[in-house]
Amino acid sequence: MRRIASHLLMMMLALLVCLAGSVSAQSAWDVADIEGVDYVKLRDVWRYYKYTPCKGRPGCVSYGKGKRVVSFKPEHSDFYVNNYRFVLSHPVRKQGTELMISAVDMRKLVDPVLNPQYSPQLKLRTVVIDPGHGGHDAGAVRGSVKEKDLNLAVARKLRRMLERQGYRVVMTRDGDYFLTLQQRVDIANRIPDSVFVSIHHNAGRHAASGIETFTLAPQGTTSPFARSRRFDDLAGNNQDSENIALATAVHSRAIRSSGAIDRGIQRARFSVLCTIRRPAILFEGGFVSNPAECRKMVTDSYQTMLANSICQGIAAYDKTVCRPARQNVAANNPGSAHVRTSMSGSRVNKYSRKK
């Protein structure tokens, strides 16, 4: 069973980061306005990517004899790829007999997941680990347990694991002191060939539990986690594909290793994600506010498990995105050495307005 799960996980990551094969470009997509949001037909999407309906499973399509499975529900934002949960910026809608997905989700999530393009210049030499909170900012608290201490404990374990694998590691903090959010971003933005991993633990109602991973919300979309709605907060960044690939590699391993509830890979406008110029994720390793999860969090075994999951995810991202991808692009598409992701990068970016 472990071998099968590992095999499926590797296929899932390969789905995110390898060239999806030859897909004929479609010059235009019919667009329908639904409550002020542009939507396209899912039927056209699946035809474009050569996915077919799963037999006897409404709201499910597959590719390659069921090796890649996508599932969804009308009026829901949950979007599953090989059973791992993504959260769309807008729900799947039904218009007459047609199921529709928002154009921004098509460009910013579906296309980067199912059909990314990569640059042979992609490199990963340094991992910037950001233990959230610190100093007077304790983060989530339950009794004597403080989130800032848990974040740092996992971060230190992760640093040792990454260094053993040959990565350079930079910690935004390595003690119990306070850094502003902008200071953390500035550290990451100064370091080329790096990724940024912000480590946190969650808080909510006592019953809330599970692990979730965040990347930056696409340009122009709002976020339920945003503290403000200034226009500059609605910007995106230029590494959507890399963000999603890194999040998926880390998140899927954490869910598999912990057995925790999968709260999904979500989009947000946290300050440490908004202005960062490196592939970046914010990882939430469970709920301090949940008594059962809190008891686990303080143990060395749980902290080691989280650190190991993040480390394995980073290594898998590096191996699949940054190394073979360079060779694959050079071999399969000579001269196409430009990363095309995020704001204008999707090859599926031309639409025709439905009359």
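Residues numbered from 1 in each chain as written. Predicted model: local features only at pLDDT ≥ 70, side-chain atom pairs only at ≥ 80, totals over all residues. Heavy atoms only, no water.

Draft legend 1. Structural context of the side chain of histidine 251. Structurally, histidine 251 is set in helix α6 (residues 240–258). Under the relative-accessibility criterion, histidine 251 is labelled buried at 0%. Excluding anything up to four places from it in sequence, histidine 251 contacts Ile211, Glu212, Thr213, Asp262, Gly264 and Ile265. (Helix = DSSP H or I, 4+ residues; strand = E, 2+ residues; numbered from the N terminus. Buried < 20%, exposed > 50% of the residue type's maximum accessible area, 1.4 Å probe, protein only. Contact = heavy atoms within 4.5 Å.)

Draft legend 2. The side chain of serine 194, seen in detail. Inspection of the secondary structure assignment puts serine 194 in strand β14 (residues 194–202). Engagement of the side chain of serine 194 in a polar contact is seen with the backbone oxygen of isoleucine 191, the distance being 2.7 Å. Here serine 194 is in contact with Leu124, Thr126, Val128, Ala188, Arg278 and Pro279, once residues within four sequence places are set aside. (Polar contact = N/O pair within 3.5 Å; in protein donor to acceptor, adjacent residues only side chain to side chain.)

Draft legend 3. Main features of the nonpolar core. Membership of the largest hydrophobic core comes to 68 residues, with the highest contact counts inside it found for Val45, Trp46 and Phe79. Broken down by element, this core gets its largest block of residues, eleven residues, from helix α9 (residues 300–322). Those residues in contact with valine 45 that lie beyond four places of it in its chain are Trp29, Val40, Ile101, Met106 and Val110. Phe196, Phe214, Phe270 and Val272 belong to the second-largest nonpolar core, a separate cluster that totals 17 residues. (Core = buried A, V, L, I, M, F, W, Y, C linked by side-chain atoms within 4.5 Å.)

Draft legend 4. Seen up close, the state of the cysteines. In this structure the tally under the stated criterion is one disulfide. Between the sulfur atoms of cysteine 54 and its disulfide partner cysteine 60 the distance amounts to 2.3 Å. Taking the torsion about the S-S bond as the criterion, the cysteine 54 to cysteine 60 disulfide, at about -50°, is left-handed. With respect to burial, cysteine 54 and cysteine 60 carry one shared label: buried. (Disulfide = S-S within 2.5 Å.)

Draft legend 5. Representation of the packing of aromatic side chains in the model. Applying the stated criterion to the full structure yields five aromatic pairs. Relative to phenylalanine 72, the ring of tryptophan 46 has its centre 5.8 Å away and its plane inclined at 25°; by these criteria the two rings are stacked. Of this pair, tryptophan 46 sits in helix α2 (residues 42–49) while phenylalanine 72 is found in strand β5 (residues 68–72), placing the two residues 26 residues apart along the sequence. The pair tryptophan 46 / phenylalanine 72 is uniform in exposure class, with both members buried. (Phe/Tyr/Trp six-rings, centres within 6.5 Å; stacked < 30°, edge-to-face > 60°.)

Draft legend 6. Structural view of the confidence of the model for the protein. When the pLDDT values of the protein are averaged, the result is 80; 74% of them are 70 or greater. Within the model, the stretch residues 14–27 combines pLDDT values under 50 with 35 contacts to residues more than four positions away or in other chains. The low-confidence segment residues 226–232 (pLDDT under 50) makes four contacts with residues lying over four places distant or belonging to another chain. (pLDDT = per-residue confidence, 0-100.)

Draft legend 7. View of the packing of α2 against helix α3 (residues 103–114). Put simply, α2 and α3 touch, their axes get as near as 12 Å, and they point 25° apart. As far as their axial angle goes, α3 and α2 are roughly parallel. α3 is crossed by α2, and the crossing has right-handed handedness. From α2, Val45, Trp46 and Tyr49 reach across to α3, where they touch Met106, Val110, Asp111 and Leu114. Looking at side-chain class alone, the contact of α2 with α3 contains six nonpolar, no polar and one charged residues. (Axes fitted to C-alpha atoms, helices over the stretch in contact; angles between N-to-C directions. Parallel < 35°, antiparallel > 145°, perpendicular 65-115°, else oblique. Left-handed = near helix turned anticlockwise from the far one by under 90°. Nonpolar A, V, L, I, M, F, W, Y, C, P; charged D, E, K, R; others polar.)

Draft legend 8. Up close: the pattern of salt bridges. Counting across every chain of the model gives twelve salt bridges. We note a salt bridge from aspartate 193 to arginine 125, for which the minimum N-O separation is 2.6 Å. Highlighted residues: aspartate 193 in the loop between α5 (181–189) and β14 and arginine 125 in the loop between α3 and β10 (126–131), separated in sequence by 68 residues. The exposure class of arginine 125 is partly exposed, given its relative accessible area of 48%. Between aspartate 130 and arginine 184 there is a salt bridge, with the nearest N and O atoms lying 2.7 Å from each other. Residue aspartate 130 is found in strand β10, and its partner arginine 184 is found in helix α5; the two are separated by 54 residues along the sequence. In this structure aspartate 130 comes out as buried when scored by relative accessible area, which is 1%. Using a relative accessible area of 2% as the deciding quantity, one classes arginine 184 as buried. Here the salt bridges do not stand alone but share partners, grouping Glu35, Glu75 and Arg93 into one network. (Salt bridge = Lys/Arg side-chain N within 4 Å of Asp/Glu carboxyl O.)

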